[in-house]
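# Summary of structural features
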Amino acid sequence: MDLHARRADSFGAQAEAYAEHRPDYPVAAIRWALEPLGTSERLDVMDLAAGTGKLTSVLVAEGHRVTAVEPNEQMLSELVRRVHDVRALPGHAEHIPVPDQTIDAVLVGTAFHWFDQERALPEIARVLRPGGVVAAMWNEHARDVEWLAEFERLSATSVESQHQDPTGVMTSSSFSPIETRTFPHAHRRDSPEALVATVNTHSRMLVVSDEERAEINEKMLAFLRSRPETSNGPFDVPLRTEVFRAVRLSE
């Protein structure tokens with residue numbers, strides 16, 4: 001199994017930790033993603049590669065009819081355990097298990113980089129109604145915050161972070177030109193250990209050796225305990241949520 005595939009498959013064993021420690025998504029970002037649909041009514045929204053439901057739960061709270069599609073059985077089981085009033089289906093972005101033109105919007109939270117885009121985009125276009133929306137979003141640390149930029153440097157592993165600008169790969173004759181916007185967000189952490197636990201749910205940490213992971217964890221903890229922003233009690237981790245959206249064109 002190559003490194004990309006190992007990373008994509010690394011989350012299942014950490015499903016409970018992923019659900020516990022990963023951030024959710026800001027409501028403002030989701031509403032902007034759905035804005036082209038021009039309605040306040042309940043929508044048929046798919047959370048594709050839904051993981052443990054970090055995005056799904058916000059969509060449900062917004063009152064939409066949500067279908068969560070996730071390939072990993074352990075992640076999907078954790079989603080079902082934690083999020084109610086959602087249709088949860090096993091499936092891949094390259095083979096989405098719903099009929100043609102039955103979905104108003106397909107949202108992807110911090111997962112679009114795992115897809116085979118040449119196969120996934122036609123599938124997304126297939127399930128969307130004309131005028132429907134596809135939106136990919138990522139939560140990223142706000143690197144203009146001094147302590148967080150240094151923490152990012154200390155948390156680097158021998159495996160690079162997995163992120164891409166989807167502007168090129170999302171370009172398709174089936175969709176309108178991509179629009180993008182960034183939203184402020186924050187992730188509440190109770191302690192330095194909790195933030196380290198968040199970092200340990202990322203694939204770049206999951207696929208390295210136990211020795212490398214332990215060394216990086218020690219450095220992260222020492223740094224967080226030394227900083228006034230993070231050493232004592234709960235603190236907020238400043239985030240930026242990047243959103244890329246496009247509209248399904250009529251045939």
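The model shown is predicted, which means the values in this text are computed figures rather than measured ones. (Residues numbered from 1 in each chain as written. Predicted model: local features only at pLDDT ≥ 70, side-chain atom pairs only at ≥ 80, totals over all residues. Heavy atoms only, no water.)

## Regarding the sheet that holds strand β6 (residues 179-189)
Worth spelling out the cut-off: Here the rule is simple: two strands pair whenever DSSP picks up at least two bridges between them. A helix here means a DSSP run of H or I that spans at least four residues, while a strand means a run of E at least two residues long, and both kinds are numbered starting from the N terminus. Axes here refer to lines fitted to C-alpha atoms; in helices the fit is confined to the stretch in contact. Angles between the N-to-C directions go from 0 to 180 degrees.
The strand order across the open sheet built from 7 strands is β3-β2-β1-β4-β5-β7-β6, with neighbouring strands paired in mixed fashion. Each having just a single partner strand, β3 (87-90) and β6 make up the two edges of the open sheet. Between one strand and the next, the sheet's axes are offset by a mean angle of 25 degrees, whatever the strand orientation. Pairing geometry for strand β4 (residues 103-109) and strand β5 (residues 128-141), over 6 bridges, is parallel. Bridge pairing links L107 to A135 in β5.

## Regarding the pattern of salt bridges
The following threshold applies: When a carboxyl oxygen of Asp or Glu is within 4 Å of a side-chain nitrogen of Lys or Arg, the pair counts as a salt bridge.
Overall, the coordinates contain 20 salt bridges when judged by the stated rule. Measuring nitrogen to oxygen at the nearest pair gives 2.7 Å for the salt bridge that ties R153 to E150. You can see R153 and its partner E150 sitting in helix α7 (residues 146-154), 3 residues apart, about one turn around the helix. Put simply, D236 and R188 hold a salt bridge, and the shortest N to O gap is 3.3 Å. Highlighted residues: D236 in strand β7 (residues 235-247) and R188 in strand β6, separated in sequence by 48 residues.

## Concerning the packing of helix α8 (residues 192-199) against helix α10 (residues 210-226)
Let me state the cut-off plainly: Crossings are classed by handedness, with left-handed meaning an anticlockwise turn of the near helix from the far one by less than a right angle and right-handed meaning a clockwise turn. What makes two residues a contact is simply this: any of their non-hydrogen atoms within 4.5 Å. Three classes are used, and their members are as follows: Ala, Val, Leu, Ile, Met, Phe, Trp, Tyr, Cys and Pro are nonpolar, Asp, Glu, Lys and Arg are charged, and the others, Gly among them, are polar.
Running from N to C, α8 and α10 cross one another at 145 degrees; their axes reach a closest spacing of 9 Å. For the crossing formed where α8 meets α10, the hand is right-handed. On α10, the residues that touch P192, E193, L195, V196 and V199 of α8 are N217, M220, L221, L224 and R225. Here the contact of α8 with α10 is composed, by residue class, of 7 nonpolar, 1 polar and 2 charged.

## Quick look at the nonpolar core
To keep things clear, this is the line we draw: To form a nonpolar core, buried Ala, Val, Leu, Ile, Met, Phe, Trp, Tyr and Cys residues must be joined to one another through side-chain atoms within 4.5 Å. Throughout this description, buried means an accessible area under 20% of the type-specific maximum (1.4 Å probe, protein chains only), exposed means over 50%, and partly exposed covers the range between.
Counting residues in hydrophobic clusters, the biggest one holds 27 residues, and the most contacted among them are M46, L48, V106, F115, I124 and F175. Put simply, the parts of the chain that give this core at least two residues each are β1 (44-48), β4, α6 (117-127), β5 and β7. The leading source of residues in this core is α6, at 5 residues. If we skip the residues at most four places from it in the chain, V106 touches M46, L48, I124, V127, L128, V133, V134 and A135. Of all hydrophobic cores here, the second largest spans 19 residues; its members include A29, L34, A105 and L107.

## Here we look at the confidence of the model for the protein
In plain terms, the rule: The pLDDT value tells you how sure the predictor is about a given residue, anywhere from 0 up to 100.
Averaged over every residue, the pLDDT of the protein is 88; the share at 70 or more is 88%. Overall, residues 3-8 carries pLDDT values under 50, and its contacts beyond four positions in sequence, including any with other chains, amount to 16 contacts.

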